[in-house]
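As a plain string of letters, each chain reads:
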Amino acid sequence: MKTAKAVNLGVIFLLELGVLAGVWYWAWQSASGWGPLLGLAGAVVLAVLWGLFGSPRARFKVHGASRVAFETLWFGSGAVLWFAAGAHLWAVVFAVVCVVSKTLAHVWRQ
């Protein structure tokens, strides 16, 4: 069980990176010359938000329903951005893995 919990934490970290990659990929696909710069700016904004509210060492910790709402918006934005960029299969896989992993994290109190 200890190994499964450690793997789940690793998956959650990869999902966090997937959100940042999703905003960059969406911007790169949708904008002409400014895409990479716009994607980088979007990733920085999302990373700052995660650092302030979502990370384990967040400056402003959110709990309960606020935490659920924040993480739903955070990880949901990743799935939506992957879908909007045209990576439909990746978006669906990303969303399913998010739901399963975050459900396990809740059950295991991670």
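Anyway, here's the lowdown on the structure attached to this text. (Residues numbered from 1 in each chain as written. Predicted model: local features only at pLDDT ≥ 70, side-chain atom pairs only at ≥ 80, totals over all residues. Heavy atoms only, no water.)

1. Some details on a nonpolar patch on the surface
Then, in step 1: A cluster of nonpolar residues, Trp24, Trp28, Trp34, Leu37, Leu40, Val44 and Val48, forms a patch on the protein surface that exposes about 750 Å² of accessible area.
Then, in step 2: Elements with a contribution of two residues or more to the nonpolar patch: α1 (2–30) and α2 (35–54).
Then, in step 3: Per-element accounting of the nonpolar patch gives the leading share, 4 residues, to α2.
Then, in step 4: By the secondary structure assignment, tryptophan 34 is in the loop between α1 and α2.
Then, in step 5: In this structure tryptophan 34 comes out as exposed when scored by relative accessible area, which is 62%. (Patch = residues over 30% accessible without salt bridge, like charges linked within 9 Å, V, L, I, M, F, W, Y side chains within 5 Å. Areas by Shrake-Rupley, 256 points an atom, 1.4 Å probe, with all protein chains shown as cover. Salt bridge = Lys/Arg side-chain N within 4 Å of Asp/Glu carboxyl O. Helix = DSSP H or I, 4+ residues; strand = E, 2+ residues; numbered from the N terminus. Buried < 20%, exposed > 50% of the residue type's maximum accessible area, 1.4 Å probe, protein only.)

2. Overview of the pattern of salt bridges
Then, in step 1: Evaluated as defined, the whole model comprises 2 salt bridges.
Then, in step 2: Its salt-bridge partner being glutamate 71, residue arginine 67 comes within 2.7 Å of it at the nearest N-O pair. With arginine 67 and glutamate 71 both in helix α3 (residues 64–84), this residue pair falls 4 residues apart, about one helical turn.
Then, in step 3: A relative accessible area of 24% means that arginine 67 is categorised as partly exposed.

3. Concerning the packing of aromatic side chains
Then, in step 1: For the coordinates displayed, the defined rule picks out 9 aromatic pairs.
Then, in step 2: Aromatic side chains tryptophan 50 and phenylalanine 75 sit 5.8 Å apart centroid to centroid with 70° between the ring planes, which places their arrangement in the edge-to-face category. A residue pair is termed long-range when its members are at least 10 positions apart, and tryptophan 50 in helix α2 and phenylalanine 75 in helix α3 qualify at 25 residues. Phenylalanine 75 shares its class with tryptophan 50; the two are buried.
Then, in step 3: Between the aromatic rings of phenylalanine 70 and tryptophan 74, the centroid separation amounts to 6.4 Å while the plane-to-plane angle is 20°, which identifies the pairing as stacked. With a gap of 4 residues between them, phenylalanine 70 and tryptophan 74 both fall in helix α3, about one helical turn apart.
Then, in step 4: Residue class for phenylalanine 70 comes out buried when judged on its relative accessible area of 17%.
Then, in step 5: Residue class for tryptophan 74 comes out buried when judged on its relative accessible area of 4%. (Phe/Tyr/Trp six-rings, centres within 6.5 Å; stacked < 30°, edge-to-face > 60°.)

Purely geometric numbers; function is a separate question.
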